[in-house]
Amino acid sequence: MCPPTHFRVDYAINPWMSTGSPVDAALALRQWEGLRAVYQELGHRVSELVPDPALPDMVFTANGAVVLDGVAYRARFRHAERAAEADAHAAWLTASGFEVRGGERISEGEGDFAVTEGAILAGTGFRTEPGAALEAQEVFGRPVIGLRLVDPRYYHLDTALFVLDDGADGGPADIAYYPGAFSDASLRVLRRLFPDALLATEDDAAVFGLNAVSDGRNVVLPAPAVRLAARLAERGYHPVPVDMGEFVKAGGSVKCCTLEVRG
Ligand code: ARG
């Protein structure tokens with residue numbers, strides 16, 4: 001995670017951002033500290049990047065890399081405003097002992113990549129370029145499936161899909177997604193790979209409900225996604241609602257503020 005010390009909406013690079021809507025910095029900090037506390041209470045270790053005053057979106061650490069099997073797949077941001085974040089992540093990951101690879105193709109880390117045991121899912125259409133799926137496949141030696149996003153409000157894969165259970169302990173992987181965010185053909189791919197997935201409603205998606213983090217049991221998700229939380233509970237998960245409203249002003253929420261460091 002990266003503290004929201006310099007978080008603000010200075011530019012607009014997605015439909016949620018409007019330079020006319022000021023961020024309440026004190027509230028943003030309380031919300032971010034609340035999220036960090038939830039992870040710690042759930043027993044997860046949280047490391048922090050040092051925030052850079054020139055990078056107001058740096059709080060969205062999900063975009064910095066994809067980390068798997070001791071290897072970090074380096075991001076390359078689509079917009080110049082965020083480009084320097086990739087180096088900050090790469091420096092931290094290298095210092096933490098990960099082998100940093102890739103970075104030739106435009107790709108925005110876990111914003112557009114979701115990891116399951118059988119395949120890594122890669123969103124494209126707005127930020128990450130299609131060729132990044134093949135680059136990630138070469139970096140990780142795992143199959144990567146490209147999925148086309150078609151609604152600009154859901155410009156990153158992690159705004160429309162998340163992994164509930166990655167299947168790493170042998171069972172089937174379980175995911176949730178909002179069908180309206182994907183092309184018809186990509187929907188057919190998702191149905192084929194995950195016939196039993198939880199299909200979220202537009203109401204859930206529009207409050208960033210899919211921008212959630214699951215450890216396979218506990219699902220940390222934005223509090224306004226009440227219907228999704230109820231359906232997760234019915235499915236046997238433990239929903240943990242958190243308020244991240246200030247970050248929605250920049251087009252982000254729980255998952256965007258979290259880079260999962262696997263292995
Ligand atoms: N303002 C940021 C951008 O548009 C938000 C990034 C949200 N991160 C995410 N993983 N979806 O790039």
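The rules behind the values
Residues numbered from 1 in each chain as written. Predicted model: local features only at pLDDT ≥ 70, side-chain atom pairs only at ≥ 80, totals over all residues. UniProt positions renumbered as here; feature names shortened; annotations may be inferred. Helix = DSSP H or I, 4+ residues; strand = E, 2+ residues; numbered from the N terminus. Buried ≥ 20, exposed ≤ 12 C-beta atoms within 10 Å, placed from the backbone. Contact = placed C-beta atoms within 7 Å. Near = placed C-beta within 6 Å. Nonpolar A, V, L, I, M, F, W, Y, C, P; charged D, E, K, R; others polar. Core = buried A, V, L, I, M, F, W, Y, C linked by C-beta atoms within 7 Å. pLDDT = per-residue confidence, 0-100.

For the protein chain, an unreviewed UniProt entry supplies the name N-dimethylarginine dimethylaminohydrolase and the organism Allonocardiopsis opalescens. One UniProt comment on the protein chain, placed under Sequence similarities (unreviewed entry), says "Belongs to the DDAH family."

Student: Is there a simple way to explain unusual backbone geometry in this structure?
Tutor: Peptide bonds are mostly trans, and most non-glycine residues show a negative phi. Positive phi outside glycine occurs at D69, with the angle close to 55°. Position of D69 among the secondary structure elements: in the loop between β1 (65-68) and β2 (71-74). Residue F208 is not a glycine yet carries a positive backbone phi of 70°. As for its position among the elements, F208 is in the loop between α5 (202-206) and β10 (213-214). Assessed through the 26 C-beta atoms surrounding it within 10 Å, F208 is described here as buried.

Student: Explain the UniProt feature "active site" (unreviewed entry) in the protein chain to me, please; I cannot follow it from the model alone.
Tutor: Sites flagged by UniProt as "active site" (unreviewed entry) map to H156 and C256. A maximum C-alpha distance of 9.5 Å among these annotated residues, which run over 101 residues, shows that they cluster at one spot. Within the fold, H156 resides in the loop between β6 (144-148) and β7 (161-165). With sequence-adjacent residues up to four places away left out, H156 is seen in contact with E108, G111, D112, G123 and R127. Locating C256 in the fold gives a position in the segment after α7 (245-248).

Student: Which parts of the structure should I look at to understand the site of the ligand?
Tutor: Every one of the 16 residues lining the ligand counts as a neighbour, but A62, G111, H156, G252 and C256 are closest to it. In terms of residue class, the shell around the ligand is built from six nonpolar, seven polar and three charged.

Student: Before we go on, may I ask you to explain the environment of T19 in this structure?
Tutor: In this fold, T19 is placed in the segment before α1 (25-41). Sequence-wise, T19 and V100 are 81 residues apart; in three dimensions their C-alpha atoms are separated by 34 Å. Setting aside residues no more than four positions away along its own chain, T19 makes contact with V9, D10, Y11 and A12.

Student: Would you mind going over the nonpolar core with me for this structure?
Tutor: When a protein is soluble and globular, its nonpolar side chains tend to lie buried together. Counting 79 residues, the largest nonpolar core has A122, A136, A160, L161, I175, L210 and V254 as the members making the most contacts within it. Sequence-distant contacts of I175, that is, excluding residues within four places in its chain, are made with L161, F162, V163, L164, F194 and A197.

Student: Any chance you could explain the confidence of the model for the protein chain here in plain terms?
Tutor: Parts of the prediction with low pLDDT should not have their coordinates interpreted in detail. On average, residues of the protein chain carry a pLDDT of 97, and 100% of them reach 70 or more. Confidence metrics for the complex model read pTM 0.98 and ipTM 0.96.

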